[in-house]
Amino acid sequence: MGKYMHLPRWMKKIPQRMIVYIFLIMASVLILIPIVILLFGSVKTTGQMYSHPYSIPNPPYWDNIRSILRTPSFWNMLRNSLVVMIATTLGTVGICSLTAFVFARLQFRGKNFFYNLFTIGLMFPINVAILPVYFVLRQIEQTGIPMINTLWGVILVQIAFQLSGNIMILKGFFTAVPSELQDAAYMDGCSHFNFFWRIMLPLVKPSLTAVGSLVMIASWNDLLVPLVILNSNQLWTLPLGTMQFQGQYGQDLALISAFVALSAIPTIIFYFIAEKQIVSGLTAGAVKG
Amino acid sequence: MQLPLFTHNKSHTRKKNKKDQRSKDRLVIILFLLPALTLFFLFVIYPIFRSIYYSMFDWKGFGPAVDFIGLGNYKKILNDAVFLKSIKNVLLIITLSLSLQLPIALILAVLVGRDLPGRSFFRTVFFLPYVLSEVNTGIMWMLLYNPDPERGFLNSILVLIGLQPVTWLADMNVVIYAVFITLTWKYFGFHMMLYLTGFQNIPREIEEAARIDGANAVQNFFRITLPLLSSTIKTSVYMSVLGSIQQFVLIWVMTRGGPVNASETMATYMYRFGFVRFQLGYGAAVAIIMFILCMIFSLFYQALTRKPDYLSGL
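Keep in mind that what you see is a predicted model, and the values were worked out from it rather than measured.

## Topic: the overall build of chain B
Along the backbone of chain B there are 13 helices and zero strands. Counting from the amino terminus, helix and strand elements in chain B follow one another as α-α-α-α-α-α-α-α-α-α-α-α-α. Here the C-alpha atoms of chain B give a radius of gyration of 27 Å, more than 25% beyond the 20 Å that 2.2 N^0.38 yields for 314 residues. Projected onto its principal axes, the C-alpha coordinates of chain B cover approximately 110 × 75 × 30 Å. Split into buried and exposed, the 314 residues of chain B put 39% on the buried side. Excluding contacts between residues fewer than 6 apart, the proportion of contacts in chain B whose partners are at least 24 apart in sequence is 64%.

In structure tokens, the structure reads:
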């Protein structure tokens, strides 16, 4: 008891806390350095970027940003990225919740077989599958349905490779809804679709936004699928455009920084707004299911 | 007399209703599953078989595949020094991830802990790189790795503390480590976030009780926190290994697998043969080899650790 008389516990913790803070602040600085250097570089002249690459730009030089914002191709890429992201997200969330609902709530023969089938998708990620998928796209193209060099093709492939993981995550959430609710609803003559649409979906809405915000980020950041499917620069998405831009203006570090900053800033803003949803979607997928 | 008739009637209509209900159920199930199954078969399952087929041909993509060579492509791949180098690089990335990246993530998760004032700030900062695209990350780090000490941040620091500058991405012996530093920067936050969630599932009372029984912080961590976190760690190891096997975009943006294949991974190797040299049959065989490796690892790991946590309770 005498031990506690000298110092209250929170005061005893102070030196320990100081060390923890010093470590964490050092780690934060290491994490932020690349981002800050890039953001500084985006408002420098090329000359400044060469002579003082990591000083604070004073005064900021906005011409690079302005000239990129004035090119129609930037806005075109932004639009393409938005179209793909929105369609992929709506498609994935819609299709996965239908499927997950069936796996979580309805009984039928072959259920386990189909469910296990979807787990194959986890072992066949898009980075491995891209060439096989390209074969099939070419084959579909030969039947007269355009796939290559269409945003549509990118959207369908992105959705297909989001299915496995998200069906499992959502199935977990649907299973967690108490079954008494289902019995009561069916007793009152509710159909499967109405039960799904009017009762289940509103109940799992937080999970749907969590899954949706993760899909949004994955689609927005995706390079590989657009890189393989899209040839015409009219259809390029932002990551694809960024990579080509880097190849073209590789020497002009200030201009590159401005371009990368402009394409990264929407992601960063979205992250600050939706951090909670993103994190809960991610940890639900990985920890709980 | 009426009673049996009545029950008979009732059971008859019930049976009929049940039959109606069943076919209705079946229709709903089919309609609900159809979109997912269609996309999944078309873009995931069917491509696997298509690739197995093409992998047995010497096919450059013009016209139909006719030069059947059996397992020739596979033999060639497994004897190609560049492919072996790419496997070595993947193994190196896996080893470094498990021995450095995940422990760093765990240490930071412990430091951020559960009730440190300001923890949400650190959490936000540490997770930020994960949401940036790999393209942007790659270009950002190319600026830092600029070999000229006047321009590249890392070399300017090396020079400042009196060391020789390093030509990071152009040095065959350094490049894979440089790539690994970038990978760690981008992905440690993901693993840290898993561990933080894992901590939240550990009841505080257990640690409290251990402390009262005289366990110090270190004992508490190794004897209580770590074992209780084991299922989260298993998941994180699984994701890290699977992610390393398929590493592509960051490396393609930063080095294209170079210099002289020094940072080649299996995925960059496949991309090069499939989409740059257009040796589609050969590329297909690489894809199948990667798929088999992912599958062997997944099944082996699941058997070894029961299910990875991320598949359990589903």
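This is not the end of the story, as more comes after the structure.
## Describing the overall build of chain A
A count of helices and strands for chain A gives 15 helices and zero strands. For chain A, the C-alpha radius of gyration of 25 Å lies well beyond 19 Å, the compact-globule estimate for 289 residues. Reported as C-alpha extents along the three principal axes, the dimensions of chain A are approximately 85 × 75 × 30 Å. Evaluated residue by residue, chain A yields a buried proportion of 44% over its 289 residues. Within chain A, contacts between residues separated by at least 24 positions form 75% of all contacts whose residues are at least 6 apart in sequence.

## Topic: the packing of helix H4 (residues 119-131) of chain B against helix H7 (residues 175-200) of chain B
Residues and elements named next belong to chain B. At a minimum axis distance of 6 Å, the contact between H4 and H7 shows a crossing angle of 130°. Comparing their axes, H7 and H4 come out oblique. Regarding H4 and H7, the two cross each other, and that crossing is left-handed. Together, Arg123, Phe126, Phe127, Pro129 and Tyr130 of H4 and Trp185, Lys186, Tyr187, Gly189, Phe190, Met192, Met193 and Leu196 of H7 make up the contact between the two elements. When grouped by side-chain class, the residues that make up the contact of H4 with H7 number 10 nonpolar, one polar and two charged.

## So, the interface of chain B and chain A
Listed as interface residues are 71 residues of chain B and, on the opposing side, 73 residues of chain A. Considering every element that reaches the side of chain B that touches chain A, the biggest residue donor is helix H1 (residues 2-54) of chain B, with 18 residues. When its residues are assigned to classes, the side of chain B that touches chain A shows 52 nonpolar, 14 polar and five charged.

## Topic: the environment of A:Leu156
Relative to the assigned elements, A:Leu156 resides in helix H9 (residues 151-176). In this structure the C-alpha to C-alpha distance between A:Leu156 and A:Thr92, which are 64 residues apart in sequence, comes to 9.4 Å. With residues near it in sequence (within four places) discarded, A:Leu156 still touches B:Leu39 and B:Phe43.

## Digging into the nonpolar core
Core analysis: the biggest nonpolar cluster contains 162 residues, and A:Ala160, A:Leu163, B:Met270 and B:Val286 have the highest contact counts within it. Ranked by residues supplied to this core, first place goes to H7(B) with 15 residues. Setting aside residues up to four positions removed in sequence, B:Val286 forms contacts with B:Ile77, B:Met266, B:Tyr269, B:Met270 and B:Phe273.

## Comments concerning the domain arrangement of chain B
For chain B, the assigned domains read domain 1 (1-39) and domain 2 (81-311). Each of domain 1 of chain B and domain 2 of chain B was reduced to a C-alpha centroid, and the two centroids are 52 Å apart.

## Re the domain arrangement of chain A
Residue and element names in this part refer to chain A. Domain assignment breaks chain A into domain 1 (2-42) and domain 2 (72-288). Of note, the centres of domain 1 and domain 2, computed from C-alpha atoms alone, are 37 Å apart. In this complex, domain 1 contributes four residues to the contact, which on the side of domain 2 involves six residues.

## Structural notes on the packing of helix H12 (residues 266-276) of chain B against helix H13 (residues 280-304) of chain B
Residues and elements named next belong to chain B. For the pair H12 and H13, the least separation of the axes is 8 Å and the interaxial angle reads 160°. Here H12 is positioned roughly antiparallel relative to H13, judged by the angle of their axes. The interaxial crossing formed by H12 with H13 has left-handed handedness. When H12 is examined against H13, the residues Met266, Tyr269, Met270, Phe273 and Gly274 are found in contact with a partner set consisting of Leu280, Tyr282, Gly283, Val286, Ala287 and Met290.

## A short note on the confidence of the model for chain B
Residue and element names in this part refer to chain B. With 91% of its residues at a pLDDT of at least 70, chain B reaches an overall mean of 87. Segment residues 1-11 is flagged for pLDDT under 50; beyond a separation of four residues in sequence, or across chains, it makes zero contacts in the model. Interface confidence for the predicted complex, expressed as ipTM, amounts to 0.89; the pTM equals 0.89.

## Notes on helix H8 (residues 126-142) of chain A
Residues and elements named next belong to chain A. For H8, with 17 residues, the first-to-last C-alpha span of 23 Å sits near the 24 Å given by 1.5 Å per residue. In the structure, H8 departs most strongly from a straight axis at Pro132, where the bend amounts to approximately 35°. Of all 17 residues in H8, 12 are buried; the element is thus mostly enclosed. What H8 keeps buried is the set Ile126, Asn127, Val128, Ala129, Ile130, Leu131, Pro132, Val133, Tyr134, Phe135, Val136 and Leu137. Phi turns positive, to about 100°, at Gly144, one or two residues after H8.

## Topic: helix H12 (residues 205-221) of chain A
With 17 residues, H12(A) extends 24 Å from end C-alpha to end C-alpha; this agrees with the ideal 24 Å at 1.5 Å per step. Buried residues dominate H12(A), accounting for 14 of its 17 residues.

## Notes on the environment of A:Asn233
All names here are of chain A. Assignment of secondary structure puts Asn233 in the loop between helix H13 (224-229) and helix H14 (238-248). Accessibility expressed as a C-beta count within 10 Å gives 12 for Asn233, which makes it exposed. Distance in space between the C-alpha atoms of Asn233 and Ile19 is 52 Å, their sequence separation being 214 residues.

## Quick notes on the environment of B:Gly214
Residue and element names in this part refer to chain B. Examined against the element boundaries, Gly214 turns out to sit in the loop between helix H8 (204-212) and helix H9 (217-228). Here Gly214 falls in the exposed class, since 7 other C-beta atoms lie within 10 Å of it. Separated by 137 residues in the primary sequence, Gly214 and Ile77 place their C-alpha atoms 59 Å from one another.

## Quick look at unusual backbone geometry
That bond from B:Gly258 to B:Pro259 is cis: its omega, -5°, falls within 30 degrees of zero. In this structure, B:Pro259 sits in the loop between helix H11 (249-254) and H12. Of note in the backbone geometry, A:Asn149 takes a positive phi value of approximately 65° without being a glycine. Inspection of the secondary structure puts A:Asn149 in the loop between H8 and H9.

Here is what the cut-offs are and how they apply
Residues numbered from 1 in each chain as written. Chains lettered and ligands numbered in written order. Predicted model: local features only at pLDDT ≥ 70, side-chain atom pairs only at ≥ 80, totals over all residues. Helix = DSSP H or I, 4+ residues; strand = E, 2+ residues; numbered from the N terminus. Rg over C-alpha atoms; globule rule 2.2 N^0.38 Å. Buried ≥ 20, exposed ≤ 12 C-beta atoms within 10 Å, placed from the backbone. Contact = placed C-beta atoms within 7 Å. Axes fitted to C-alpha atoms, helices over the stretch in contact; angles between N-to-C directions. Parallel < 35°, antiparallel > 145°, perpendicular 65-115°, else oblique. Left-handed = near helix turned anticlockwise from the far one by under 90°. Nonpolar A, V, L, I, M, F, W, Y, C, P; charged D, E, K, R; others polar. Core = buried A, V, L, I, M, F, W, Y, C linked by C-beta atoms within 7 Å. Domains from an automatic or database assignment. pLDDT = per-residue confidence, 0-100. Expected span 1.5 Å × (residues − 1). Bend = angle between axes of the 7 residues up to and from the residue.

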